[in-house]
Amino acid sequence: MYAEQTVEIPPSRRLTIDVPPEVPAGRVVLEFRPVAAEPKPAAGKSCPICAIYADPVTGEPRFNAGTIAAFEEGDAMERGEIPANRYHSVDEIWKELGL
């Protein structure tokens, strides 16, 4: 189970945490990570959905260059800028992959 809540840390640095009843009692790991005021877009992206390609704190890409290139290609296909391969069966996909 995973639960997340954004809180303001007061100057005293003291928090009281109410755990939902669905969370079983026992050991847990609490993770603290700063939240940026505004996520920095990656690689010239200005759309908030596209900003998922960047770390919200540092603005650095979360993925390697090859993965980002694949995302960009998919985005271009979706916009109709480049043709997308269309398949009518899984067998067609396997055939194109040579498997």
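A quick note: this is a predicted structure, and the numbers were derived from the prediction, not measured.

## Side note on the overall build of the protein chain
On a plain count of helices and strands, the protein chain comes out with two helices and zero strands. Taken across its 99 residues, the protein chain has 10% of its residues classed as buried. By sequence separation, contacts in the protein chain at least 24 residues apart represent 10% of the contacts at least 6 residues apart. Roughly 9,100 Å² of accessible area belongs to the protein chain as shown, and the carbon and sulfur atoms make up 56% of that amount.

## Let's talk about helix 2 (residues 90-97)
The element helix 2 is largely exposed, with a buried count of zero among its eight residues. Note on helix 2: the residue one or two positions beyond its end, Gly 98, has a positive phi of about 75 degrees.

## Points about unusual backbone geometry
Located in the positive-phi region is Arg 13, a residue other than glycine, with phi close to 65 degrees. Among the structural elements, Arg 13 can be located in the segment before helix 1 (65-79). You can call Arg 13 exposed: its relative accessible area is 64%.

## Describing the pattern of salt bridges
In the structure shown here, the tally under the stated rule is one salt bridge. The shortest N-O distance in the salt bridge between Glu 81 and Arg 79 comes to 2.8 Å.

## Here's the deal with helix 1
Here helix 1 spans 21 Å end to end across 15 residues, near enough to the 21 Å set by a 1.5 Å rise per residue. Gly 80 sits one or two positions beyond helix 1 and adopts a positive phi of about 80 degrees.

## What about a nonpolar patch on the surface?
A surface patch of nonpolar side chains, amounting to about 780 Å² of accessible area, comprises Val 7, Ile 9, Leu 15, Ile 17, Val 19, Val 28, Leu 30 and Phe 32. By secondary structure assignment, the location of Leu 15 is in the segment before helix 1. By relative accessible area, which is 36% here, Leu 15 ends up partly exposed.

## Brief notes about the environment of Glu 96
Its place among the elements puts Glu 96 in helix 2. Classification of Glu 96 by relative accessible area gives exposed; the value is 52%. Not counting the four nearest positions on each side in its chain, Glu 96 is found in contact with Asn 85 and Tyr 87. Looking at Glu 96, its side chain comes within polar contact range of the side chain of Tyr 87, at 3.1 Å.

What counts and how
- Residues numbered from 1 in each chain as written.
- Predicted model: local features only at pLDDT ≥ 70, side-chain atom pairs only at ≥ 80, totals over all residues.
- Heavy atoms only, no water.
- Helix = DSSP H or I, 4+ residues; strand = E, 2+ residues; numbered from the N terminus.
- Buried < 20%, exposed > 50% of the residue type's maximum accessible area, 1.4 Å probe, protein only.
- Contact = heavy atoms within 4.5 Å.
- Areas by Shrake-Rupley, 256 points an atom, 1.4 Å probe, with all protein chains shown as cover.
- Salt bridge = Lys/Arg side-chain N within 4 Å of Asp/Glu carboxyl O.
- Expected span 1.5 Å × (residues − 1).
- Patch = residues over 30% accessible without salt bridge, like charges linked within 9 Å, V, L, I, M, F, W, Y side chains within 5 Å.
- Polar contact = N/O pair within 3.5 Å; in protein donor to acceptor, adjacent residues only side chain to side chain.

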